[in-house]
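Summary of structural features
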Amino acid sequence: MSMITPIERDEQLLVVEGLDKSFGPIGACRDVSFELRRGEILGIVGESGSGKTTLLRCISGQLEPTGGQVLFNSRRHGMHDIFALSEQDRRRIAREEWGYVHQNPRDGLRMRVSGGANVAEPLMMNGRRHYGEMREQSLNWFERVELDLGRIDNKPRTFSGGMQQRLQIARNLIHNPSLVFMDEPTGGLDVSVQARLLDLMRVLVREMGLAAIIVTHDIGVARLLADRLLVMKSGFVVEQGLTDQVLDDPQHGYTQLLVSSVLQI
Amino acid sequence: MNAPSNLPANRVYNYAYLDEQTKRMIRRSILKAIAIPGYQVPFGSREMPVPYGWGTGGIQVTASIIGPDDVYKCIDQGADDTTNAVSIRRFFARVADVATTEQTEEATIIQTRHRIPEAPLQEGQIMVYQVPQPEPLRGLEPRETETRAMHAYEEYGLQYLSLYESVAAYGRIAGGAGYPVLVDERYLMSPSPIPKFDNPKLHQSEALHLFGAGREKRIYAVPPHTDVRSLDFEDYPFEIQSWDEVCALCNCDSSYKDEVILDDDGNRMFVCSDSAYCGERRKQGHSGPLAGHALDQLDQPEDAE
Ligand SMILES: Nc1ncnc2c1ncn2[C@@H]1O[C@H](COP(=O)(O)OP(=O)(O)OP(=O)(O)O)[C@@H](O)[C@H]1O
Ligand SMILES: [Mg+2]
């Protein structure tokens, strides 16, 4: 981790330019700009209320920004402002090329259908109609995220918190997306479960060459997973750069506070 | 469809119960529904003199299209003689001055909740369905905004989730009633609680099919000669129910059967769920293994009221 290697997969995947999002008088995101390349993992850190979730929802097409642009390099449209596309095209990009892992598995899973169906859903959403093939693929993904194959037909509510997050991860990777958004994917879990899950995510994301944007409170998570880091405060990006650089030599006062507060523990 | 001008002087309600404005509004929704097969058209559903769940949607559709020259049939399950069917039939006999029948062939309007009759439907006939839940995706997606978007953009992957669950649990696509169909290769539609046995009867039907959901305030339609395809998987093709038994009363081997428990010793019989069809066959001399059973008498079709 200590060696800083320049990212070689050079193609731009996502470009965010001057993004603003306000809720009435509240400026949740203010003039946010950054870029993401294929296969790159970007961490977003910042205190509670700094606008991390809002930013993630804007760049994943769920929330229309009040200003600025979100350009995504999709298979169908090339590099294009997603909010200039029709809702139908935007939804198709989300379905085909993105995953979104929620902090609370209840928001990211369908609790009324089995774990296997949750994992296979993105395949069906993308037009697959062969049960046997989809079954095999979800079994395969159960294995990859280290879930007990015997539980494949059980409802998610019978799974533990950590298992539910594994389900969410499988469900968001099975259709081979190019970009996965994760909002504090290990937030509600105890430390040992967190560590294993993080390790798993690191392996999967690297194996698949995915790009990912991971929101976290946790500097440790950021250090483990992220190539680059974006630090937010009050809706602004106050600092961004290679993870090790930002964490080892924080420039902004807030980042210094963030890093030192972790080190004190 | 026009109200007769020579209204009986003692009539308390407007012809066919609903006022003319309301009927016009419902007819507009029906026309739109016919123009866009399978699409759920909102309409201003009225309070009816029966509770929701008793067929308020179907009754309003019938009231809007019926005229004194119509011949009206109403069935609940497959039978014409159940309480609900009898009272709805009496209702229209009284408020719309129509002749009623139990014979599928004679009817111009057939109102139903659970079945499409066994006798093939003909050109000019209208089936009216009482629909409890018009939205096939509702069980999987509670948000109306989201299901609307799915229909608008033809995103029907979610519906396959219920088929997947079914195969995972039962090794086949189970689910007997309200089996989802794609209409005219465009709109996903719930054919209401008819058994999937009846789904193929909607495909390229000679008749017009109108679906009314009173509580949910939606009307949709399958016009004559429209493609209706039941969803399935490549490796689990759509299949209808079938029975090893013939009808105990009329010997029919191709109809939809109801199972009737005869006693506490587990004896049972299978009979046609379409009682008018079964009765007609018996009249023609067909007789099954339990012909002459007490149920045989109960079931004989009476002459229409
Ligand atoms: N739907 C909304 N309506 C009004 N204000 C909102 C809405 N969503 C977020 N906000 C406000 O925007 C600001 C940023 O919220 P956001 O949820 O993005 O923060 P966050 O960085 O994700 O916080 P946390 O770490 O606690 O999850 C907050 O002040 C929040 O109250
Ligand atoms: Mg948040």
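Structure: above.
Quick look at the structure, then. Note that the structure is a prediction, hence the values are computed from the model and not measured.

**Quick look at the overall build of chain A**
Looking only at helices and strands, chain A has 10 helices and 10 strands in total. Across its three principal axes, chain A shows a C-alpha extent of roughly 55 × 45 × 40 Å. Out of the 265 residues in chain A, the part that is buried amounts to 53%. Of all intrachain contacts in chain A linking residues separated by at least 6 positions in sequence, the fraction that spans at least 24 positions is 65%. Only carbon and sulfur atoms are counted for the fraction: they give 47% of the accessible area of chain A, which is about 11500 Å².

**Overview of the site of ligand 1**
All names here are of chain A. As a structural note, the neighbourhood of ligand 1 is formed by 13 residues, with Ser48, Gly49, Lys52, Thr53 and Thr54 the closest of them. Note that an oxygen atom of ligand 1 is positioned 2.8 Å from one of the backbone N or O atoms of Gly49. Isolated, ligand 1 exposes 630 Å² of accessible area, and the fraction of that covered by the protein chains is 61%. Every element with two or more residues in the shell around ligand 1 is listed here: β2 (26-37) and α1 (52-59). Broken down by element, the shell around ligand 1 gets its largest block of residues, three residues, from α1. Partitioning the shell around ligand 1 into residue classes produces three nonpolar, seven polar and three charged.

**Digging into the sheet that holds strand β9 (residues 228-233) of chain A**
All names here are of chain A. Judged by pairing direction, the sheet is mixed, and its six strands sit side by side in the order β6-β7-β8-β3-β9-β10 without closing on themselves. The sheet terminates laterally at β6 (98-101) and β10 (236-242), the two strands that pair on one side only. Pairwise comparison of adjacent strand axes, ignoring direction, gives a mean angle of 15° for this sheet. Contacts between helix α2 (residues 87-97) and the sheet are confined to β6 and β7 (179-183), with β6 contributing the most and set at about 75° to the helix.

**Quick word on helix α1 (residues 20-35) of chain B**
Residue and element names in this part refer to chain B. Compared with the 22 Å implied by 1.5 Å per residue over 16 residues, the 22 Å span of α1 between its first and last C-alpha is a close match. Packed against the buried residues of α1 are β1 (41-42), α2 (56-65), β8 (208-213) and β9 (218-222). With a side-chain oxygen lying 3.2 Å from the backbone nitrogen of Gln21, the N-terminal cap of α1 falls on Asp19.

**Thoughts on the interface of chain B and chain A**
Taken together, the contact between chain B and chain A spans 20 residues of the former and 23 residues of the latter. Summed over both sides, the interface between chain B and chain A buries roughly 2100 Å², with carbon and sulfur atoms accounting for 57% of that surface. On the chain B side of the contact with chain A, B:Tyr153, B:Leu161 and B:Tyr164 bury the most area, a combined 32% of that side's loss. Linking chain B with chain A are four salt bridges. The shortest N-O distance in the salt bridge between B:Glu155 and A:Arg95 comes to 3.0 Å. Linking chain B with chain A are 14 residue pairs in polar contact (both at pLDDT 80 or more), by the criterion used here. Listed by contribution, the elements that provide at least two residues to the side of chain B that touches chain A are α4 (144-152) and α5 (157-170) of chain B. Of the residues forming the side of chain B that touches chain A, the biggest block, eight residues, is contributed by α5(B). For the side of chain B that touches chain A, the per-class residue count stands at 12 nonpolar, two polar and six charged.

**Notes on the pattern of salt bridges**
Residue and element names in this part refer to chain B. Tallying each qualifying case throughout the model produces 36 salt bridges over all chains. Between Arg89 and Glu102 there is a salt bridge whose closest N-O contact spans 3.9 Å. You can see Arg89 sitting in helix α3 (residues 83-96) and its partner Glu102 sitting in the loop between β3 (99-100) and β4 (109-112), a full 13 residues away along the chain. The exposure class assigned to Arg89 is buried, which follows from its relative accessible area of 3%.

**A short note on the packing of helix α4 (residues 115-125) of chain A against helix α5 (residues 131-144) of chain A**
All names here are of chain A. At a minimum axis distance of 9 Å, the contact between α4 and α5 shows a crossing angle of 120°. One finds that α4 runs oblique with respect to α5. Relative to α5, α4 is oriented so that their crossing is right-handed. For the pair formed by α4 and α5, the contact residues are Gly115, Gly116, Val119, Ala120, Leu123 and Met124 on the first element and Met134, Gln137, Ser138, Trp141 and Phe142 on the second. Tallied by class, the residues present in the contact of α4 with α5 amount to seven nonpolar, four polar and no charged.

The rules behind these values
- Numbering of residues starts from 1 in each chain and follows the order in which that chain's sequence is written.
- The naming scheme follows written order: chains are lettered A onward, ligands numbered 1 onward.
- Thresholds applied to this predicted model are a pLDDT of at least 70 for local features of residues and 80 or more for the giving and counting of side-chain atom pairs; totals over whole chains, interfaces and linings are not thresholded and use all residues.
- Water and hydrogen atoms play no part in the side-chain values, which are based on all heavy atoms of the structure.
- Numbered from the N terminus, helices here are DSSP runs of H or I no shorter than four residues, and strands are runs of E no shorter than two.
- Exposure classes here rest on a 1.4 Å probe applied to the protein chains alone. A residue is buried below 20% of its type maximum, exposed above 50%, and partly exposed in between.
- Contact criterion: two residues are considered in contact whenever any of their non-hydrogen atoms come within 4.5 Å of each other.
- Per-residue and other accessible areas follow the Shrake-Rupley method at a 1.4 Å probe size, with only the shown protein chains counted as cover for residues.
- By convention in this text, a residue qualifies as near a molecule or strand provided that one of its non-hydrogen atoms is within 4 Å of it.
- For the purposes of these results, a polar contact is taken to be a pair of N or O atoms within 3.5 Å, where, inside protein, one atom must be able to donate a hydrogen and its partner to accept one; residues adjacent in sequence count only when each atom of the pair is a side-chain atom.
- Classes in brief: Ala, Val, Leu, Ile, Met, Phe, Trp, Tyr, Cys and Pro nonpolar; Asp, Glu, Lys and Arg charged; the others, Gly included, polar.
- The pairing criterion for strands is at least two bridges between them, as found by DSSP.
- Interaxial angles span 0 to 180 degrees and are taken between N-to-C directions of axes, which are lines fitted to C-alpha atoms, for helices over the stretch in contact.
- Take the residue count of a helix, subtract one, and multiply by 1.5 Å to get its expected span.
- Joining two parts hides part of their accessible area as seen by a 1.4 Å probe, and the buried area is that hidden amount summed over both.
- By convention in these notes, a salt bridge is any Lys or Arg side-chain nitrogen within 4 Å of a carboxyl oxygen on Asp or Glu.
- Orientation is classified from the angle alone, with under 35 degrees giving roughly parallel, over 145 giving roughly antiparallel, 65 to 115 giving roughly perpendicular, and any other angle giving oblique.
- The sense of a crossing depends on the near helix, which, turned anticlockwise from the far helix by less than a right angle, makes the crossing left-handed and, turned clockwise, makes it right-handed.

Shape is all these values report; function is a separate question.
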